[in-house]
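# A look at the structure
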Amino acid sequence: MDISTLILLFVCIVNVILLVFIFFNKDKERSWPFFWILLLLVLWQVTELFNVAWLMYQDKELLLIGVQAGLLPALYLAPAFIRLVFSLFGKWKRRSVSQKFLWWLPAIVMVPFLFTNYNISSVTVTESGFIFEQGIMYPIFLVYFVAMLGYALYYLVANRQKANLIVKRQINYIFVGTALTALIGLLFSIVLPLLGVNE
């Protein structure tokens, strides 16, 4: 087990502990958006840990299914983040059911394509891990994901001054966490694969 797998395992355990803490928090109204984002992150981390196991056993079929399944929580992460952002300002409840549904619709439409060649068509095991071949839906997913997160961050910036002190601090934490995650994630998950470097 290498250091990156140990870090992933440690972060997954910490996130599960946070999930339990949020689940038993008395203020469910404000904590549910955080709970759903953390749950999606834990699901993604668990699929990545399974991918490490499939990689160790050189099972390419299970590895392909695991890589494809890893995108399922990521699909719903962007609209869950939008829900969190609107909830911070108390505006999620003011949205109509149809408006809320429209935020989730692209993810719902993409789900049937997750386990097909339109998403990730193949996985090749290498000495340092694995690389995958993108299908035609993968770049669409990337554009959707970046656009949704970009809008949510824009909304946070545009409305930050109207927030109270506690919400401003929460927004600052979101910015720091999002910036660090986005920089690393964009580099390794989007930029490098588009340039043909998937390892």
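Residues numbered from 1 in each chain as written. Predicted model: local features only at pLDDT ≥ 70, side-chain atom pairs only at ≥ 80, totals over all residues. Heavy atoms only, no water.

Okay, the packing of aromatic side chains next. Going through the model one piece at a time under the given rule, you end up with 17 aromatic pairs. On the numbers, 6.0 Å between centres and 45 degrees between planes, the contact of Phe23 with Phe35 is tilted. Taken as a pair, Phe23 in helix 1 (residues 3-23) and Phe35 in helix 2 (residues 28-56) lie far apart in primary sequence, twelve residues in all. Its relative accessible area of 11% is what places Phe35 among the buried residues. (Phe/Tyr/Trp six-rings, centres within 6.5 Å; stacked < 30°, edge-to-face > 60°. Helix = DSSP H or I, 4+ residues; strand = E, 2+ residues; numbered from the N terminus. Buried < 20%, exposed > 50% of the residue type's maximum accessible area, 1.4 Å probe, protein only.)

Taking 1.5 Å of rise per residue, 18 residues should cover 26 Å, and helix 4 (residues 71-88) covers 26 Å from first to last C-alpha, within 8% of that figure. The largest bend in helix 4 is about 30 degrees, located at Leu77, with the proline Pro79 one to four residues further on. For helix 4, the tally of buried residues reaches 14 of 18 residues, placing the bulk of the element in the interior. Note on helix 4: the residue one or two positions beyond its end, Gly90, has a positive phi of about 70 degrees. (Expected span 1.5 Å × (residues − 1). Bend = angle between axes of the 7 residues up to and from the residue.)

As a further point, take the nonpolar core. Across soluble globular proteins, nonpolar side chains have a tendency to be buried as a group. By size, the foremost hydrophobic cluster in this structure holds 40 residues, and its most contacted members are Phe81, Leu88, Phe89, Phe141, Tyr144 and Leu156. Among the secondary structure elements, those contributing two or more residues to this core are helix 2, helix 3 (60-69), helix 4, helix 5 (97-110), strand 1 (120-126), helix 6 (137-159) and helix 7 (165-194). (Core = buried A, V, L, I, M, F, W, Y, C linked by side-chain atoms within 4.5 Å.)

The geometry of a pair of packed helices is captured by two quantities: the angle between their axes and the separation between those axes. Interhelical geometry of helix 4 versus helix 6 gives an angle of 15 degrees and a closest axis separation of 9 Å. In terms of orientation, helix 4 lies roughly parallel with respect to helix 6. Where helix 4 crosses over helix 6, the two elements pack in a sense that is left-handed. For the pair helix 4 and helix 6, contact is made by Leu71, Ala74, Leu75, Leu77, Ala78, Pro79, Phe81, Ile82, Val85, Phe86 and Leu88 and by Tyr138, Phe141, Tyr144, Phe145, Met148, Leu149, Tyr151, Ala152, Leu153, Tyr155 and Leu156, respectively. Taken together, the residues of the contact of helix 4 with helix 6 sort by class into 22 nonpolar, no polar and no charged. (Axes fitted to C-alpha atoms, helices over the stretch in contact; angles between N-to-C directions. Parallel < 35°, antiparallel > 145°, perpendicular 65-115°, else oblique. Left-handed = near helix turned anticlockwise from the far one by under 90°. Contact = heavy atoms within 4.5 Å. Nonpolar A, V, L, I, M, F, W, Y, C, P; charged D, E, K, R; others polar.)

Our next topic: the environment of Asn164. Along the chain, Asn164 turns up in the loop between helix 6 and helix 7. Judged by relative accessible area, which is 47%, Asn164 ranks as partly exposed. Along the primary structure Asn164 and Phe89 are separated by 75 residues, whereas in three dimensions their C-alpha atoms are 9.2 Å apart. A distance of 3.2 Å separates the side chain of Asn164 from the backbone nitrogen of Ile166, its partner in a polar contact. (Polar contact = N/O pair within 3.5 Å; in protein donor to acceptor, adjacent residues only side chain to side chain.)

Attention now moves to the environment of Gly129. Relative to the assigned elements, Gly129 resides in strand 2 (residues 129-134). In this structure the C-alpha to C-alpha distance between Gly129 and Val52, which are 77 residues apart in sequence, comes to 8.5 Å.

With 87% of its residues at a pLDDT of 70 or more, the protein chain has an overall mean of 83. At the level of individual helices and strands, the protein chain shows its lowest average pLDDT in helix 7, which scores 74, and its highest in helix 5, which scores 90. (pLDDT = per-residue confidence, 0-100.)

Below, the discussion takes up the side chain of Asn119. The topology assignment puts Asn119 in the loop between helix 5 and strand 1. For Asn119, a relative accessible area of 4% puts it in the buried group. Here Leu114 takes part through its backbone oxygen, which lies 3.0 Å from a polar atom of the side chain of Asn119. Setting aside residues up to four positions removed in sequence, Asn119 forms contacts with Gln68, Leu71, Phe113, Leu114, Glu133, Gln134, Gly135, Met137 and Tyr138.

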